[in-house]
Amino acid sequence: QDKSLEKFTEALNKVSFATTSAAGNPRGITWNYGQGVYDARTGHYYRYYVSNTVCQAAGGTKKAGCTWEDAKQACAAKSFLGASGYLMTVSSETETEVARGKVAAEGWMGASATGGAWQWSTGPDAGTGITSYENWMAGEPSATTGDGYFFPNGEWSSVAKTSEKAVL
């Protein structure tokens, strides 16, 4: 059975929506294919993992927490609709809104720094400096070498590279 994105899109194009509501308020429909959560404003799919479901210690046992590098590798090992996974990058207010609304949790993000130069290290923005949009908590980034961490309120923090967190 063909489960390609093209076939899925073809099926969606045949769907119609009607309402009996007299309110006249705009309606929106969100389609999700598989376990990813899609947002049309960003053109990205989002998926949240608890680290003990994807991070492994030596010998293949599950770990309670993941370092940033563990999380980065775990995401890169995932794929969805033929695209490789990566830690979330947040390069606009719209992406912050999406992460707050659809992911609504804390976790590692694809930002890292060495020597004080913060950049996106994963995803489509990999290798670019974090300059056009930032949402650091007050006093952050406090580390000149570290990794980015996202909080449910949309703010970011810098965390030591050896820290282990329970979510990604």
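So, a few notes on the structure that sits alongside this text. Fair warning: this is a prediction, and the values are worked out from it, not measured in the lab.

**Digging into the overall build of the protein chain**
A count of helices and strands for the protein chain gives three helices and eight strands. The order of helices and strands in the protein chain, counted from the N terminus, is α-β-β-α-β-β-α-β-β-β-β. With 168 residues in all, the protein chain has 32% of them scored as buried. Long-range pairs, those at least 24 residues apart, make up 56% of the contacts in the protein chain between residues at least 6 apart in sequence. Just so you have it, the protein chain exposes about 9700 Å², and 49% of that area is on carbon and sulfur atoms.

**Re a nonpolar patch on the surface**
The grouping of Leu-5, Tyr-45 and Leu-81 at the surface amounts to a nonpolar patch, some 230 Å² of accessible area in total. With respect to the helices, strands and loops of the structure, Tyr-45 is situated in strand β2 (residues 44-46).

**Considerations on the packing of aromatic side chains**
Per the stated rule, a full pass over the model turns up six aromatic pairs. Ring plane angle 75° and centroid distance 5.6 Å describe the contact between Trp-120 and Trp-156, whose orientation is recorded as edge-to-face. You can see Trp-120 sitting in strand β6 (residues 117-120) and its partner Trp-156 sitting in strand β8 (residues 156-159), a full 36 residues away along the chain. Each member of the pair, Trp-120 together with Trp-156, is buried.

**Section: the nonpolar core**
Within the largest apolar cluster, 13 residues are counted, with the highest numbers of intra-cluster contacts made by Val-90, Met-109, Trp-120, Phe-150 and Trp-156. Within the residue set of this core, elements represented by two or more residues are β5 (107-114) and β6.

**Overview of the side chain of Thr-67**
Tracing the sequence through the fold places Thr-67 in the loop between β2 and α2 (68-76). Discounting chain neighbours no more than four positions away, the residues touching Thr-67 are Trp-108, Lys-161, Thr-162, Ser-163 and Glu-164.

**Topic: the pairing of β6**
The side chains of a regular strand alternate, residue by residue, between the two faces of the sheet. Only one face of β6 is buried: it carries Trp-118 and Trp-120, and the other face, with Ala-117 and Gln-119, is open. Hairpin connection of β5 to β6: two residues between the antiparallel strands, including Gly-115 at a positive phi of 70°.

**Quick look at α2**
By the burial criterion, the buried members of α2 are Trp-68, Ala-71, Ala-74 and Cys-75. Taken around the axis of α2, the buried residues stretch over an arc of 125°, which confines them to a single face. Contacts from the buried residues of α2 go to β5 and β7 (146-150).

**A look at the pairing of β8**
Neither face of β8 is left uncovered, since the one carrying Trp-156 and Ser-158 and the one carrying Ser-157 and Val-159 both have all their residues buried. With four bridges connecting them, β7 and β8 associate as antiparallel partners. What sits directly across from Asp-147, in β8, is Val-159. Counting the residues that bridge the hairpin from β7 to β8 gives five residues, and of these Gly-154 lies at a positive phi of roughly 95°.

**Quick notes on the environment of Thr-114**
Along the chain, Thr-114 falls in strand β5. You can call Thr-114 exposed: its relative accessible area is 62%. Along the chain, Thr-114 and Gly-146 lie 32 residues apart, while their C-alpha atoms are 6.9 Å from each other. In contact with Thr-114, other than residues within four places in its own chain, are Thr-144, Thr-145 and Lys-161.

What counts as what
Residues numbered from 1 in each chain as written. Predicted model: local features only at pLDDT ≥ 70, side-chain atom pairs only at ≥ 80, totals over all residues. Heavy atoms only, no water. Helix = DSSP H or I, 4+ residues; strand = E, 2+ residues; numbered from the N terminus. Buried < 20%, exposed > 50% of the residue type's maximum accessible area, 1.4 Å probe, protein only. Contact = heavy atoms within 4.5 Å. Areas by Shrake-Rupley, 256 points an atom, 1.4 Å probe, with all protein chains shown as cover. Patch = residues over 30% accessible without salt bridge, like charges linked within 9 Å, V, L, I, M, F, W, Y side chains within 5 Å. Salt bridge = Lys/Arg side-chain N within 4 Å of Asp/Glu carboxyl O. Phe/Tyr/Trp six-rings, centres within 6.5 Å; stacked < 30°, edge-to-face > 60°. Core = buried A, V, L, I, M, F, W, Y, C linked by side-chain atoms within 4.5 Å. Pairing = 2+ DSSP bridges. Arc of directions from axis to C-beta.

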